[in-house]
Amino acid sequence: MNICEMQVGTITDTLDNLKKVVEQKLADYRGVVYTEETLKTAKEDRAYLNKQFDELDTARKAVKNEFMRPYNEFETKVKEVSNLIKSTSNEIGEQIKHFETAEKERKLISIRNLWTEKGGSETYFNTIYRPEWLNKSTSIGTIARDMDAGLKKLSDFRFLAGM
């Protein structure tokens with residue numbers, strides 16, 4: 001699915017030159033030992049460096065925002081279209097869920113009827129019931145065999161309990 005034509009942007013900067021100037025200027029500050037008497041100068045120097053940092057970082061953020069503007073507009077449009085698709089998919093999913101729930105309810109009724117036909121009492125149904133019986137892949141024949149085994153265990157238990 002081709003949804004856009006893209007041209008990779010370029011940024012032309014003068015950061016290599018700026019870096020050289022900054023390195024030269026910072027050499028004046030490295031290794032300086034401030035004393036109690038030069039505390040005011042230390043604060044001024046630090047404020048100056050922090051201001052330079054803030055200006056550079058503000059410029060970086062401005063470039064990033066400008067550079068990202070086309071992408072952000074693109075992303076907004078893509079999300080809008082994606083949400084339309086997902087919304088419709090979710091509506092269909094709800095219908096599928098409704099039908100599958102109804103199908104499981106019908107199968108549970110059939111399972112309960114089979115249990116009753118086999119002579120099982122409602123009291124013991126929950127004892128032998130397995131949630132996987134509601135899966136489409138579980139046949140009524142498999143469920144019947146499981147019930148027969150459950151009834152056998154119940155019978156054996158009653159026999160042993162009566163001893």
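All values reported here derive from a predicted model rather than from experimental measurement.

Can you explain the nonpolar core? Please cite residues and give values.
Within the largest apolar cluster, eleven residues are counted, these being Ile111, Leu114, Trp115, Phe125, Ile128, Trp133, Leu134, Ile143, Ala144, Met147 and Leu154. Secondary-structure elements contributing two or more residues to this core are helix H2 (39-117), helix H3 (122-128) and helix H4 (140-162). By residue number, the principal contributor to this core is H4, which donates four residues. Contact partners of isoleucine 111, with chain neighbours within four places excluded, come to Phe125, Trp133, Leu134, Ile143 and Met147.

Please provide a residue-by-residue account of the pattern of salt bridges, values included.
Considering all chains together, one arrives at nine salt bridges under this definition. One salt bridge in this structure joins glutamate 103 and lysine 136, with 3.8 Å as the shortest N-O distance. With glutamate 103 in helix H2 and lysine 136 in the loop between H3 and H4, the pair connects residues that are 33 residues apart, well separated along the chain. The shortest N-O distance in the salt bridge between arginine 130 and aspartate 146 comes to 3.2 Å. Within this pair, whereas arginine 130 is found in the loop between H3 and H4, its partner aspartate 146 is found in helix H4, the two being separated by 16 residues in sequence. One connected set of salt bridges, linked through shared partners, spans Asp57, Arg60 and Lys61.

Here is what the cut-offs are and how they apply
- Residues numbered from 1 in each chain as written.
- Predicted model: local features only at pLDDT ≥ 70, side-chain atom pairs only at ≥ 80, totals over all residues.
- Heavy atoms only, no water.
- Core = buried A, V, L, I, M, F, W, Y, C linked by side-chain atoms within 4.5 Å.
- Buried < 20%, exposed > 50% of the residue type's maximum accessible area, 1.4 Å probe, protein only.
- Helix = DSSP H or I, 4+ residues; strand = E, 2+ residues; numbered from the N terminus.
- Contact = heavy atoms within 4.5 Å.
- Salt bridge = Lys/Arg side-chain N within 4 Å of Asp/Glu carboxyl O.

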